Amino acid sequence: MADLIDITAGWEPLRWLGAPAPGGLALPAAQPTASQFYGPRGVWLDGRRLVVCDSGNHRVLIWDGLPRADHAPAQVVLGQVSFEAEGPAARGRGPENGLHLPTAAIVVPVAGGERLLVADAWHHRILVWNRIPTASDTPPDWCLGQRSVRETAVNRGGGPAADSLYWPYGLAWLDGRLCVADTGNRRVLAWDGLPECDRPADLVLGQPDFTSNAENRGGPPHAASFRWPHAIAASRGTLFVADAGNHRVLGWHGRLEADRPADLVLGQPDFASATELPHRPQGPARLRFPYGLSATDELLAVADTANNRVLFWPTAGRVGTAATFVLGQDTFDGSGENRWRAVTPDSLCWPYGIHLHAAGDRMLLAVADSGNNR
């Protein structure tokens, strides 16, 4: 979507972006438009713009400011020649200005302006625009993970390295570091500062070195391993990583200078567990494929994707094992798609990317409600 939720106003959606749902079904048009999505997986917002990764249409949409009406059209499209075009790599135009399943976007402040970064996951790269595009079909300036924007091979055609990527699904800018969830290599990479083109990462988390990529380091899950790291956030000096394949979120206290075991786990009873509980009451302390998360100084939000809900933990004190709020279900024991009913403004179906933004005295939450194409 992006469902835009004012947390302080009782969880009432402010905007519904994407197709309406006549008869309780939210289905996109056969041909893309400026106001509809197909399986969006990433969303980012601040007080000046909203950015959505319209993953199924292989494009990124940008709104100037917070949309003022439901189903409002975007002003800018990237990765396609027009709002009506779709297809990976811009239907044969090539990867120089085409996308293949974009999954995350962030805006990073730099001297004299801002840069837009997009995780172009199935092209195994992070695309960078040196200025926020104001015109559609603006090509990226450079990329990370490939030698140039013309290349798209997994790990640059070889094995994992400090400068290669394999399905990078998540992005975050945290305390002057660029962090990437390099999902296919089952690791998180970090660069000190915003790197220029082709610079190797400075830190790897979840693997013993830059050339390893075994699932859970080749053994059972533990405090220093990942199966599918998918999203990254930080709050009050704690780094959080959504380890979706192990149905958990891991947390590290303090600044990371090298790979080390996590200090806390959410969604599982301990670091050695990775149990999925399908079609059973989940409660406030279990997760099932958590694909997204976001945080502020006061709040951690987790997209508990397969349970069709968003869970919240306060972060002002020590993060407890159980969430304190749920969005998308009537109770912590609910897990059905759209509560096993028709689509409503406050129901969810496979929420992926989420983004929290503190806006003065209120908090905004954007949710990419992928299964509802909004």
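One can find the structure itself at the top, above this paragraph.
Residues numbered from 1 in each chain as written. Predicted model: local features only at pLDDT ≥ 70, side-chain atom pairs only at ≥ 80, totals over all residues. Heavy atoms only, no water.

1. Re the overall build of the protein chain
Link 1 in the chain: A count of helices and strands for the protein chain gives 1 helix and 24 strands.
Link 2 in the chain: Dimensions of the protein chain, computed from C-alpha atoms along their principal axes, come out at roughly 50 × 45 × 35 Å.
Link 3 in the chain: Sequence separation of at least 24 residues holds for 47% of the intrachain contacts in the protein chain that already meet a minimum separation of 6.
Link 4 in the chain: About 13,900 Å² of surface is accessible on the protein chain, with carbon and sulfur atoms providing 53% of the total.
Link 5 in the chain: Each charge sign in the protein chain was given a centre, from 33 positive and 39 negative side chains, and these centres are 2 Å apart. (Helix = DSSP H or I, 4+ residues; strand = E, 2+ residues; numbered from the N terminus. Contact = heavy atoms within 4.5 Å. Areas by Shrake-Rupley, 256 points an atom, 1.4 Å probe, with all protein chains shown as cover. Lys, Arg positive; Asp, Glu negative; His and termini not counted. Charge placed at Lys NZ, Arg CZ, Asp CG, Glu CD.)

2. Concerning the pairing of strand β19 (residues 290-295)
Link 1 in the chain: With respect to burial, β19 is a largely interior element, 6 of its 6 residues being buried.
Link 2 in the chain: Summarising the sheet, β19 and strand β20 (residues 299-304) pair through 5 bridges and their orientation is antiparallel. Along β20, the bridge assignment pairs Ala295 with Leu300.
Link 3 in the chain: Where β19 folds back on β20, the antiparallel hairpin that results is connected by 3 residues. (Buried < 20%, exposed > 50% of the residue type's maximum accessible area, 1.4 Å probe, protein only. Pairing = 2+ DSSP bridges.)

3. Brief notes about the nonpolar core
Link 1 in the chain: Within the largest apolar cluster, 35 residues are counted, with the highest numbers of intra-cluster contacts made by Val60, Leu116, Leu117, Ile126, Leu171 and Leu178.
Link 2 in the chain: Of all the elements, strand β7 (residues 102-110) adds the most residues to this core, at 5 residues.
Link 3 in the chain: Leave out the neighbours within four places in its chain, and Leu117 touches Ala104, Ala105, Ile106, Val108, Ile126, Leu127, Val128, Leu171, Leu178 and Leu194. (Core = buried A, V, L, I, M, F, W, Y, C linked by side-chain atoms within 4.5 Å.)

4. Section: the sheet that holds strand β11 (residues 168-174)
Link 1 in the chain: Within the open sheet, the 4 strands sit side by side as β11-β12-β13-β14. Their pairing is antiparallel. Two strands close off the open sheet at either side, each with one partner strand: β11 and β14 (203-205). With direction set aside, neighbouring strand axes in the sheet form an average angle of 20 degrees.
Link 2 in the chain: For strand β13 (residues 187-192) and β14, the ladder comprises 3 bridges, and the chain directions are antiparallel. Its bridge partner lying in β14, Val188 is registered against Leu205. (Axes fitted to C-alpha atoms, helices over the stretch in contact; angles between N-to-C directions.)

Read these as geometric descriptors, not functional statements.
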